[in-house]
Amino acid sequence: MGMYNRYQEFVLDVTSENSKDLNCLIQNLKDVGSDQSDDKIPHLLTAALGLCGEAAELMKLIEFNVDYDREKAIDEAGDVLWYIVQGCYALNFSLFNVIESAKRHIIDSESDTFISELQIKCGEFADIVKKVTLHGKSFTSKRDDLQNKLIDITACLLTELDFTDISIENVMQMNIEKLSARHATGFNKDYKSDSQDG
C-alpha cells in the first residue's frame, strides 16, 4: 500500500488551494466575477456541470439503444439545451446567435460519432471552467474559448436533432411544458422526478 499512500499524498501536495479550501475557492470565484456581473459565474458552473451529465444521459439513450424512445430523446435534448442556455447567460450570448453560429458548424449527419462528440465538447467546456474556477485562469482570457465550445456543443446537439428528424423548436416547447409543470412558481428544489434527478 506504500505506493498508493504516496501517490494519494502527492496528489494533495500538487492540488490548488482553490480545490482544497472552501474559503479560497469562494474568494477565487469572487475574484473571477469581479470584472463580470455577479450572476455570470454561477451560470458558468451550472452550465459546465449540467452539460456533462445531460450529454451522458443523451448518449446512453441514443448511442446504445437502436430502438430508443423518440419522446425521451426530445426530453433529454431539452435538458442539454437548458444547460446551453445557462452558458449563454454566463457568456452574454443570445440563444439565437449561438444556434445560428452552430448551424455553420453542423457535423456531417452521416457520421455515427456526433453523440460521442457532444460529450467530448461538453468535457472540454468543463475543463476550461475548471481552469478558471480552480486554477486561477482569467475568465476574460478564456471567454472566446468558452463561447467557441458552447457553439460546438450546440452544433453537436443540432446534428443529433437533424439525424433524428426533430426540430429545435419542438425540443424547446416540450422542455417549457415539462419544466413549467415541475417548477410552476419558480425553481422547486423539492421536486423529484421518477429517476430522482432534478
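Predicted model, so just to flag it, every value in this text is computed and none were measured.

Caption draft 1: The arrangement of unusual backbone geometry in detail. A positive phi angle, close to 55 degrees, is found at N92, a residue other than glycine. Relative to the helices and strands, N92 is located in the loop between α5 (70–91) and α6 (95–103). N92 sits in the exposed class, given a relative accessible area of 54%.

Caption draft 2: Spotlight on the nonpolar core. By size, the foremost hydrophobic cluster in this structure holds 45 residues, and its most contacted members are L51, I84, F125, F139, L146, L150 and L157. Sorting the residues of this core by element identifies α4 (40–62), α5, α6, α7 (114–133), α8 (139–163) and α9 (168–182) as the ones contributing at least two each. Discounting residues that sit within four places of it in the chain, L51 has contacts with V80, Y83, I84, C122, F125, L150 and I153.

Caption draft 3: Representation of a nonpolar patch on the surface. On the surface, Y7, F10, V11 and V14 cluster together to form a nonpolar patch covering roughly 400 Å² of accessible area. Look at F10 and you get partly exposed, because its relative accessible area is 45%.

Caption draft 4: Up close: the packing of aromatic side chains. Under the criterion given, the structure shown has two aromatic pairs. On the basis of an interplanar angle of 35 degrees and a centroid distance of 6.1 Å, the ring pair of Y7 and F10 is categorised as tilted. On the criterion of helical spacing, the pair formed by Y7 and F10 is a turn pair, its members being three residues apart in helix α1 (residues 2–13). The aromatic ring of F139 is capped on one face by R143, whose charged end is 5.0 Å from the ring centroid.

The rules behind the values
Residues numbered from 1 in each chain as written. Predicted model: local features only at pLDDT ≥ 70, side-chain atom pairs only at ≥ 80, totals over all residues. Heavy atoms only, no water. Helix = DSSP H or I, 4+ residues; strand = E, 2+ residues; numbered from the N terminus. Buried < 20%, exposed > 50% of the residue type's maximum accessible area, 1.4 Å probe, protein only. Core = buried A, V, L, I, M, F, W, Y, C linked by side-chain atoms within 4.5 Å. Contact = heavy atoms within 4.5 Å. Patch = residues over 30% accessible without salt bridge, like charges linked within 9 Å, V, L, I, M, F, W, Y side chains within 5 Å. Areas by Shrake-Rupley, 256 points an atom, 1.4 Å probe, with all protein chains shown as cover. Salt bridge = Lys/Arg side-chain N within 4 Å of Asp/Glu carboxyl O. Phe/Tyr/Trp six-rings, centres within 6.5 Å; stacked < 30°, edge-to-face > 60°. Lys NZ or Arg CZ within 6 Å of the ring centre and 35° of its normal.

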